[in-house]
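Residue-level listing of the chains:
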Amino acid sequence: MKRNLLSVASLLFGTLFLFMGNGLQGILLPVRGNLEGYATTTLGLLGTSWAAGFVIGCLVAPKLVRRVGHVRAFSGFIAIIAIIALVSGIIIHPVWWVLLRAVTGFATAGTSMIIESWLNERATNESRGAIFSLYISITLFGVVAGQMMIPLEDVRTPVLFMVCGIFYCIAMLPTTLSTAASPQPLKAVKLDLPALYRNSPVSCLGILLVGIANGAYGTLGAVFGAGSGLSDTSIAIMMSATIFAGALMQLPAGRLSDRIDRRHVLAAMSAIAALAGLLLAILQPSSPYFIIGLVVLYGAVANTLYPIAVAHANDFASAEDFVKVSGGLLLLYGIGTIIGPTIGGPVMSVINPYALFLVTAVAHVLITAYAILRSRRRAAVPVGDRDAFTTIPTATSQTLTPESMSLANPGPGKTPETADPALKYS
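Bear in mind the structure is a predicted one, so any value in this text is a computation, not a measurement.

Visitor: I'd like a rundown of the overall build of the chain, residues and numbers included.
Guide: When you go through the chain residue by residue, the secondary structure sums to 17 helices and 0 strands. Within the chain, the proportion of its 426 residues that are buried is 60%. Across the chain, the fraction of contacts at a sequence separation of at least 24, relative to all contacts at a separation of at least 6, is 88%. For the chain, the accessible surface area stands at approximately 15,800 Å², while carbon and sulfur atoms represent 68% of it.

This is how it looks when you write it as structure tokens:
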């Protein structure tokens, strides 16, 4: 175990800086754009274009990696991300930002898939749970650390864009300088919507709606914070606390969904998220403490929905189809994150910043209603026959790829729990 973890230590160190750059750039662009007077619709398109690029990257990047190799592809992808971060600090123009953000999403998918395939190659059944847990923890910590740098410098200057570029360049070094053998070719995942829906209608529609809600908040949360009167420091605290709350809530939500019908847990968590969103939209509080408190409650429950829905889909899937089903659902989630900011931006422009949570509330109400409806039409899988719940945080700006599903999966014919007990609540 210790030897396996040491073999990926340098790669995980680079991953930390990659996600620090992602976290900083993800909050820096909407905050700076809001100060520049960009329309909320335009700021929403930043998330739409990033998500579209990321989804395309998940589909196309494996072919590019197979052609030029992991190391060259990784260096190329991350160089593109670093260049765009620097250019974004020089060219302050909404059209350019939207276009460049799509390229960043594409390249981010490539870098994430390469890192995850590298980790997957080094993982054994003994170390897989520890490596996956450590990887998820590093991504969460990296995003939060990047977001918390916002108050350290005036966002009107190009300094923070330069810091993003530095983080990305540091992230490139461990993998580029590594002498270890390259991992196996990346896996291509096909999206078969009819098959996914037949397997689990709740998971199929639910994850699409979760993507819409999370995509809207992930892109426009900082814009909402600025519009509601929060300072840069408060915005960073709000966004970061949401991530931590979602991570902490996954364990109790997972334990509960292992004991009762997952659709009931999905409906309950969605209902709480909808309630928190409606309170924000209706009350329109001005107190930073009240705003952050409600948003943290929202994030705590909203970020449990994706892994519960994935676990529910896997309850009805065979072990050898785990990666295929999860990868397909992941792409559906990506499609949702394209739709969410596209809807959220115009709604906020027409009504007010608090209307962001009207969009999320509608999505969560639909999840609640459909989960309850389907629970009356199809019996739940017996507790003893269910697939083990695995935490899959989605608060890191949609950065999980089909390769991460492979990392979390012990392989055909084995359940995560039997292959490695640490995976059950990793």
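On we go.
Visitor: Which residues make up the environment of P353, and what values go with them?
Guide: Within the secondary structure, P353 sits in the loop between α14 (322-350) and α15 (356-375). Taking C-alpha positions, P353 is 6.8 Å from S228, a pair spaced 125 residues apart along the chain. The contact partners of P353, leaving out residues within four places of it in the chain, are F224, G227 and M348.

Visitor: So what about a nonpolar patch on the surface? Which residues, and what values?
Guide: Where nonpolar side chains cluster on the molecular surface, the patch consists of L275, L278, L279, I282, L283, F290, V350, I351 and L358 and spans about 830 Å² of accessible area. Of all the elements, helix α11 (residues 262-283) adds the most residues to the nonpolar patch, at 5 residues. Mapped onto the elements of the fold, L278 is located in helix α11.

Visitor: Tell me about the pattern of salt bridges, and please be specific about residues and values.
Guide: Scanning the model with the defined rule gives 3 salt bridges in all. The partner of R32 in a salt bridge is E36, with the nearest N and O atoms 2.9 Å apart. For E36, a relative accessible area of 38% puts it in the partly exposed group.

Visitor: Explain the packing of helix α2 (residues 9-35) against helix α9 (residues 201-227) to me, using residue names and the numbers behind them.
Guide: Close contact between α2 and α9 brings their axes to 8 Å; oriented N to C, the two are set at 40°. With respect to α9, the axis of α2 lies oblique. The chirality of how α2 crosses α9 is right-handed. Here α2 contributes I27, P30, V31 and N34 to the contact with α9, which in turn contributes T219, A222, V223 and A226. The class makeup of the residues in the contact of α2 with α9 is 6 nonpolar, 2 polar and no charged.

Visitor: Tell me about the environment of F224, residues and numbers included.
Guide: Inspection of the secondary structure puts F224 in helix α9. Spatially, the C-alpha atoms of F224 and N352 are 8.8 Å apart, while their sequence positions differ by 128 residues.

Visitor: Break down the packing of aromatic side chains for me, citing the residues and quoting the values.
Guide: Tallying each qualifying case throughout the model produces 12 aromatic pairs. Here W50 and F54 contribute two aromatic rings whose centre-to-centre distance is 5.1 Å and whose plane-to-plane angle is 15°, an arrangement assigned as stacked. Taken together, the residues W50 and F54, both in helix α3 (residues 40-68) and 4 residues apart, mark about one turn of the helix. Each member of the pair W50 and F54 is classed as buried. With a centroid separation of 5.4 Å and an interplanar angle of 80°, the aromatic rings of F224 and Y354 are classed as edge-to-face. With F224 in helix α9 and Y354 in the loop between α14 and α15, this residue pair connects regions lying 130 residues apart in the sequence. Residues F224 and Y354 agree in their burial class; the two are buried.

Visitor: Pulling in residues and values, what's your account of unusual backbone geometry?
Guide: Positive phi values are uncommon outside glycine, yet Q284 reaches one of about 45°. Among the secondary structure elements, Q284 is positioned in the loop between α11 and α12 (288-302). The class for Q284 is partly exposed, based on a relative accessible area of 37%.

Visitor: Give me the lowdown on the side chain of T15, citing residues and values where you can.
Guide: Position of T15 among the secondary structure elements: in helix α2. You can call T15 buried: its relative accessible area is 0%. In contact with T15, not counting residues within four places along its chain, are I115, Y135, I138 and T139.

Visitor: Run through the nonpolar core, naming residues and quoting values.
Guide: Judged by nonpolar contacts, the single largest core of 106 residues is most densely connected at F224 and M238. Among the elements that line this core, the one with the most residues is α9, at 13 residues. The contacts of M238, once residues within four sequence positions are left out, are Y217, G221, F224, G225, L230, I291, I292 and V295. Core analysis: the second largest hydrophobic core is formed by 6 residues, W50, F54, C58 and L331 among them.

Visitor: I'd like a rundown of helix α13 (residues 305-315), residues and numbers included.
Guide: The buried count for α13 comes to 11 of 11 residues, which makes it a mostly enclosed element. Buried within α13 are the following residues: L305, Y306, P307, I308, A309, V310, A311, H312, A313, N314 and D315.

Visitor: Give me the environment of G44: which residues, what numbers.
Guide: Relative to the assigned elements, G44 resides in helix α3. Overall, the relative accessible area of 0% leaves G44 in the buried class. The sequence separation of G44 and T342 amounts to 298 residues, and the corresponding C-alpha distance is 5.8 Å. Not counting chain neighbours up to four residues away, the residues in contact with G44 comprise T219, L220 and P341.

Thresholds, definitions, all that
Residues numbered from 1 in each chain as written. Predicted model: local features only at pLDDT ≥ 70, side-chain atom pairs only at ≥ 80, totals over all residues. Heavy atoms only, no water. Helix = DSSP H or I, 4+ residues; strand = E, 2+ residues; numbered from the N terminus. Buried < 20%, exposed > 50% of the residue type's maximum accessible area, 1.4 Å probe, protein only. Contact = heavy atoms within 4.5 Å. Areas by Shrake-Rupley, 256 points an atom, 1.4 Å probe, with all protein chains shown as cover. Patch = residues over 30% accessible without salt bridge, like charges linked within 9 Å, V, L, I, M, F, W, Y side chains within 5 Å. Salt bridge = Lys/Arg side-chain N within 4 Å of Asp/Glu carboxyl O. Axes fitted to C-alpha atoms, helices over the stretch in contact; angles between N-to-C directions. Parallel < 35°, antiparallel > 145°, perpendicular 65-115°, else oblique. Left-handed = near helix turned anticlockwise from the far one by under 90°. Nonpolar A, V, L, I, M, F, W, Y, C, P; charged D, E, K, R; others polar. Phe/Tyr/Trp six-rings, centres within 6.5 Å; stacked < 30°, edge-to-face > 60°. Core = buried A, V, L, I, M, F, W, Y, C linked by side-chain atoms within 4.5 Å.

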